[in-house]
Amino acid sequence: MNPYAKLTFSLSLVLGTTITISSNHWMMAWTGLEINTLAIIPLISKHHHPRAIEAAIKYFLTQAAASTLLLFSSTINAWHTGQWDITQLSHPTASLLLTTAIAMKLGLVPFHFWFPEVLQGSPLTTAMLLSTVMKFPPITILLLTSHSLNPTLLTTMAIASAALGGWMGLNQTQIRKILAFSSISHLGWMTIILIYNPKLTLLTFYLYCFMTAAIFLTLNTTKSLKLSTMMTSWTKTPTLNASFMLTLLSLAGLPPLTGFLPKWLIIQELSKQEMTPAATIIAILSLLGLFFYLRLAYYSTITLPPNPTNHMKQWYVNKPASTLIATLITLSTLLLPMSPMILASI
């Protein structure tokens, strides 16, 4: 892709995100979301491959439908209340339509079908953007309207997302699809706590972004797309692979690592809100995710291929990982001791 074109699309992504997260008016928020959608489509389809084109078309159709629903929701609310302010969402039908639109934008169950397919057809760097940056504007709209959303609906969608994200990731061999289902599962954790503690949702999202970005950039460095290539990538960058295993375990939410912090706080907050059954169910469902993260960690560092694979041998490359990856991996694994400071700042 032409560097100037790539720069234009990247700046458009920044512009669209900034417009949406800083707007009070529904039309401006919708405009930002549209700019984002149109900027990411060329980045999805930059490899002229049938799967990439298919992913771009699926992404466009889903996001266009979600944007239409969002516009319809805001129009109904304005019709009944005379308000175009995002925080003044008070009409029940408008609230229901908005929840549907944002669930489609994010890939929450039952509107998740497009997300694994689109991620599988995208390059690793674009898949990273789709999993992190592109989710920020819809989550911001959810935060602004959290006081007027239906708690039962959100809790049901959250538990369904955690269940499906864990269950569907179990039998996948393509790493991008595994990370897509991991993203759906994490969105369930963010959604369940949204109404009771919106700042905790934001903290969970930030930490999830650090961990997912570290994983995608590591995969991009080792050029691993499926489990069989991952098994031979340890010869290329052994240190990076060991750090990669820690990041995966952090994403699973194991205690000494950063990923444990949001899960611990969410379960604590749900218990305070007398939602112990929901907390128990979502904690048990996270064990499904733990299984496939452990499988990824096992394939990446602990095991050797038992027989010659069909892939070219990846010789050791004496090329240090970038500072960005090192910083992200550090943030993804070592923030738990700083949790009192993090809690004081939110």
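As annotated in an unreviewed UniProt entry, the protein chain carries the name NADH-ubiquinone oxidoreductase chain 2 and is attributed to Phaethornis striigularis. Recorded under Catalytic activity (unreviewed entry), the UniProt text for the protein chain is reproduced unchanged: "a ubiquinone + NADH + 5 H(+)(in) = a ubiquinol + NAD(+) + 4 H(+)(out)". Among the UniProt annotations of the protein chain, the heading Sequence similarities (unreviewed entry) holds the following wording: "Belongs to the complex I subunit 2 family."

Caption draft 1: Just the pattern of salt bridges, in detail. Under the defined criterion, the tally for this structure stands at three salt bridges. Where salt bridges share partners, they join Glu-54, Lys-58, Glu-117 and Lys-177 into one cluster.

Caption draft 2: Here's a closer look at unusual backbone geometry. The omega torsion across Val-109 and Pro-110 is 5°, close enough to zero to call that bond cis. Position of Pro-110 relative to the elements: it lies in the loop between helix H4 (92-106) and helix H5 (114-121). Positive phi values are uncommon outside glycine, yet Lys-223 reaches one of about 55°. Mapped onto the secondary structure, Lys-223 falls in the loop between helix H10 (198-222) and helix H11 (227-230). Taking relative accessible area as the criterion, Lys-223 reaches 52% and is therefore assigned exposed. Even without being glycine, Glu-274 reaches a positive phi, approximately 60°.

Caption draft 3: Looking closely at a nonpolar patch on the surface. A surface patch of nonpolar side chains, about 470 Å² in accessible area, is lined by Leu-38, Ile-53, Ile-57, Phe-60 and Leu-61. A total of four residues in the nonpolar patch trace back to one element, the largest contributor, which is helix H3 (residues 50-81). For Ile-57, the position within the fold is in helix H3.

Caption draft 4: Highlighting the side chain of Thr-155. Positionally, Thr-155 belongs in helix H8 (residues 151-168). Among residues more than four places away in sequence, those in contact with Thr-155 are Ile-192, Met-275 and Ala-278.

Caption draft 5: Looking closely at the packing of H4 against helix H7 (residues 136-144). Across the interface, H4 lies against H7 with an axial gap of 9 Å and an inter-helix angle of 155°. Compared by their axis directions, H4 and H7 come out roughly antiparallel. In this structure, the crossing between H4 and H7 has a hand that is left-handed. Two secondary-structure elements touch here, H4 through Leu-98, Ile-102, Lys-105 and Leu-106 and H7 through Pro-138, Ile-139, Ile-141 and Leu-142. Counted by class, the contact of H4 with H7 contains seven nonpolar, no polar and one charged residues.

Caption draft 6: Expanded view of the domain arrangement of the protein chain. Taken domain by domain, the protein chain consists of domain 1 (1-122) and domain 2 (150-345). Its C-alpha centre places domain 1 at a distance of 24 Å from the equivalent point of domain 2. Of the residues lining the interface, 15 residues belong to domain 1; the matching set on domain 2 comes to 19 residues. Together domain 1 and domain 2 conceal approximately 1,500 Å² of surface at their shared face, both sides included; 72% is due to carbon and sulfur atoms. Counting the surface domain 1 buries against domain 2, the share from its top three residues, Leu-108, Val-109 and Gln-120, is 39%. Taken together, the connections running from domain 1 to domain 2 amount to one salt bridge.

Reading guide: rules and limits
Residues numbered from 1 in each chain as written. Predicted model: local features only at pLDDT ≥ 70, side-chain atom pairs only at ≥ 80, totals over all residues. Heavy atoms only, no water. UniProt positions renumbered as here; feature names shortened; annotations may be inferred. Salt bridge = Lys/Arg side-chain N within 4 Å of Asp/Glu carboxyl O. Helix = DSSP H or I, 4+ residues; strand = E, 2+ residues; numbered from the N terminus. Buried < 20%, exposed > 50% of the residue type's maximum accessible area, 1.4 Å probe, protein only. Patch = residues over 30% accessible without salt bridge, like charges linked within 9 Å, V, L, I, M, F, W, Y side chains within 5 Å. Areas by Shrake-Rupley, 256 points an atom, 1.4 Å probe, with all protein chains shown as cover. Contact = heavy atoms within 4.5 Å. Axes fitted to C-alpha atoms, helices over the stretch in contact; angles between N-to-C directions. Parallel < 35°, antiparallel > 145°, perpendicular 65-115°, else oblique. Left-handed = near helix turned anticlockwise from the far one by under 90°. Nonpolar A, V, L, I, M, F, W, Y, C, P; charged D, E, K, R; others polar. Domains from an automatic or database assignment. Buried area = accessible area lost by both parts, 1.4 Å probe.

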